[in-house]
Amino acid sequence: LVQPVVQKLQHADDVVTQCLRKHDLMRKLAQVPVVLFPCSFGEPGSHSIGIRTFITNDFMTGTPAIPGKSLPLAAVHDMAKRLMSGEVKGLSRIAYDLTP
């Protein structure tokens, strides 16, 4: 990893955290990893990110936070809008992980 890639991930993670705070979700979600992966979709130098909002009581088992049910759609839209607006340079796609 090189510093610009690490900074891109840190910036994306910060945007997601700000959105979670704005929508009062910091205590409702147990984990929200933001992962940067090298999938540029034909945009040279770009990366994609994966977001996994996770609900658990014991950190051994849990479920993904489903948009529109346990995660407000407004929060998902806010994250996507900010991330893809160019606020975080060099992002080509956002993946939202719903796997159980």
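Refer to the structure printed above.
Overview of the structure. What you are looking at is a predicted structure, and each value in this text was computed from that prediction instead of being measured.

Our focus in this paragraph is the sheet that holds strand β2 (residues 47-51). The pairing of strands in a sheet happens through backbone hydrogen bonds and is either parallel or antiparallel. The sheet built from three strands is open, its strands ordered β1-β2-β5 with mixed pairing. Among the strands making up the open sheet, the edge pair consists of β1 (34-37) and β5 (91-96). Across the sheet, the mean angle separating the axes of adjacent strands is 25° when strand polarity is ignored. Bridge analysis of β2 against β5 gives five bridges, and the strand direction is parallel. Counterpart to Gly50 in the pairing with β5 is Ala95. Each of β1, β2 and β5 touches helix α1 (residues 3-22); the most contacted strand, β1, lies at about 145° to it. Packed onto the sheet, helix α2 (residues 73-87) meets β2 and β5 and runs at close to 160° relative to β5.

This part is about the packing of aromatic side chains. Inspection of the entire model under this criterion finds zero aromatic pairs. The ring of Phe41 carries the charged tip of Arg93 above its face, separated from the ring centre by 4.3 Å.

Before going further, it helps to spend a moment on the pairing of β1. Only one face of β1 is covered, namely the one carrying Val34 and Leu36; the face carrying Val35 and Phe37 has none of its residues buried. Note that β1 and β2 share four bridges and pair antiparallel. When the bridges of β2 are listed, Val34 appears paired with Ile51.

The terminal C-alpha atoms of α2 lie 20 Å apart, and with 15 residues this matches the ideal 21 Å at 1.5 Å per residue to within 8%. Those residues of α2 that fall on the buried side of the exposure criterion are Ala75, Asp78, Met79, Arg82 and Leu83. Seen along its axis, α2 keeps its buried residues to an arc of 115°; they face one direction. Residues His77, Lys81 and Ser85 are exposed on α2 and point more than 90 degrees away from its buried face. In this fold, the buried residues of α2 make contact with α1, β2 and β5.

Turning to the nonpolar core, a few remarks are in order. In this structure, Val16, Leu20, Leu29, Ile49, Ile51 and Leu83 are the most contacted members of the largest nonpolar core, which totals 20 residues. Secondary-structure elements contributing two or more residues to this core are α1, β1, β2 and α2. Per-element tally for this core: the top contributor is α1, with six residues. The residues touching Val16, leaving out its near neighbours within four places in the chain, are Val32, Val34, Ile51, Met79 and Leu83.

Cut-offs and rules
Residues numbered from 1 in each chain as written. Predicted model: local features only at pLDDT ≥ 70, side-chain atom pairs only at ≥ 80, totals over all residues. Heavy atoms only, no water. Pairing = 2+ DSSP bridges. Helix = DSSP H or I, 4+ residues; strand = E, 2+ residues; numbered from the N terminus. Axes fitted to C-alpha atoms, helices over the stretch in contact; angles between N-to-C directions. Contact = heavy atoms within 4.5 Å. Phe/Tyr/Trp six-rings, centres within 6.5 Å; stacked < 30°, edge-to-face > 60°. Lys NZ or Arg CZ within 6 Å of the ring centre and 35° of its normal. Buried < 20%, exposed > 50% of the residue type's maximum accessible area, 1.4 Å probe, protein only. Expected span 1.5 Å × (residues − 1). Arc of directions from axis to C-beta. Core = buried A, V, L, I, M, F, W, Y, C linked by side-chain atoms within 4.5 Å.

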